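Structural overview
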Amino acid sequence: DFEKMNITKIINYKNNKKLTMITAYDALFAKLFEEIADMILVGDSLNMSFAGKPDTLSATLEQMIYHTNAVCAGASKAFVILDMPFGTYINENQALQNAVKVYQQTNASAVKIEGGEDRAHIIKHLTSNSIAVMGHIGLMPQYVRSEGGYKVRGKTKEDEEQLIKDAIAIEKAGAFSIVVEGVLSHVAKKITDAVSIPVIGIGAGNVTDGQVLVWSDMLGFFEDFKPKFVRHYLDGAQLVKNSVNQYRSDVQDSTFPSKDEEY
Ligand code: KIV
Ligand code: NA
């Protein structure tokens with residue numbers, strides 16, 4: 001009884017039911033998540049987990065379009081969001097041209113852009129030209145180089161007030177939802193209460209309208225470090241390594257393939 005999501009349904013989840021979002025970068029995993037997650041995000045985090053880069057900044061629009069097409073091909077019933085990469089929405093016209101390209105070249109339902117009050121005019125330009133936009137405030141990975149690192153937000157009264165202003169500006173600009181990342185939980189609660197669109201948290205406590213996790217983090221495939229906010233639902237890396245070790249051992253002692261596995 002899975003029904004494809006749309007922005008009206010997503011907005012109606014607020015104060016009713018929590019939203020579950022997960023990233024996917026390819027058709028295989030997208031298909032596994034398709035009828036379970038409410039939204040699938042083709043995050044620019046793929047630049048780190050898939051392309052092995054140190055941050056998200058070098059992701060390109062072409063790369064995001066390529067992965068989004070793979071995700072949409074594997075999960076045609078999913079509500080898919082493409083993360084606009086760094087440098088593709090620096091002014092209104094460029095942002096719109098790039099977002100139009102996304103709609104023309106993929107089946108993504110929406111785009112996500114990082115930034116608060118300062119970028120609300122860009123969100124407004126997109127939404128008034130029929131692009132569905134998800135905001136992203138708090139810790140914004142595309143600001144890592146200019147901020148000098150990944151920093152938890154909301155630690156001062158001033159920052160708390162700025163985050164609330166950011167959320168309100170994004171809602172006013174017509175976004176249907178906002179990701180709030182790396183924010184003190186009591187501040188995330190105030191942000192969530194300040195807007196009537198769903199707030200999707202990551203590293204923001206259980207006070208938001210939903211959660212998002214990067215699939216390779218939550219399934220334990222990424223072993224370098226585990227941020228505090230990640231829960232490992234699977235020991236993916238260990239399971240994979242055990243299986244590949246077993247395969248090698250079966251090859252070495254000629255127990256693979258067996259008689260049943262040959263022509
Ligand atoms: O790129 C990404 O995966 C994201 C989520 C962590 C929200 O932006
Ligand atoms: Na992202």
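Residues numbered from 1 in each chain as written. Chains lettered and ligands numbered in written order. Predicted model: local features only at pLDDT ≥ 70, side-chain atom pairs only at ≥ 80, totals over all residues.

1. Considering the UniProt feature "binding site: 3-methyl-2-oxobutanoate" (unreviewed entry) in the protein
Going by this rule: UniProt positions are given in the numbering used here, feature names are shortened, and annotations may be inferred rather than shown by experiment. Under the scheme used here, helices are H or I runs from DSSP no shorter than 4 residues and strands are E runs no shorter than 2 residues, and both carry numbers assigned from the N terminus. By the criterion used throughout, residues are in contact when their C-beta atoms, derived from the backbone, lie within 7 Å.
As annotated by UniProt and renumbered to match this structure, "binding site: 3-methyl-2-oxobutanoate" (unreviewed entry) occupies Asp 44, Ser 45, Asp 83 and Lys 112. These annotated residues cover 69 residues of sequence, and their C-alpha atoms all fall within 12.5 Å of one another, placing them together at a single site. One can find Asp 44 in the loop between strand S2 (39–42) and helix H3 (46–49). Residues contacting Asp 44, with those up to four places away along its chain left out, are Thr 56, Ala 59, Met 64, Asp 83 and Pro 85. Structurally, the position occupied by Lys 112 is in strand S4 (residues 110–114). Each residue touching Lys 112, except ones within four places of it in the same chain, is listed here: Leu 41, Ile 81, Asp 83, Met 84, Met 134, His 136 and Val 179.

2. Quick look at the sheet that holds strand S6 (residues 177–181)
To summarise the sheet geometry, strands pair through backbone hydrogen bonds and adopt either a parallel or an antiparallel arrangement. For clarity, the cut-off: The criterion for strand pairing is that DSSP finds at least two bridges linking the strands in question. For helices, the fitted axis covers only the stretch in contact; all axes are lines through C-alpha atoms, and the angles between them, taken along N-to-C directions, range from 0 to 180 degrees.
The sheet built from eight strands closes into a barrel, its strands ordered S1-S2-S3-S4-S5-S6-S7-S8 with parallel pairing. Averaged over all neighbouring strand pairs, the angle between strand axes comes to 25 degrees, with direction disregarded. Contacts from helix H4 (residues 61–74) reach S2 and strand S3 (80–83) within the one sheet, and its direction differs from that of S3 by about 165 degrees. In the packing of helix H8 (residues 157–172) onto the sheet, contacts are made with strand S5 (133–138) and S6, and the angle to S5 comes to roughly 175 degrees.

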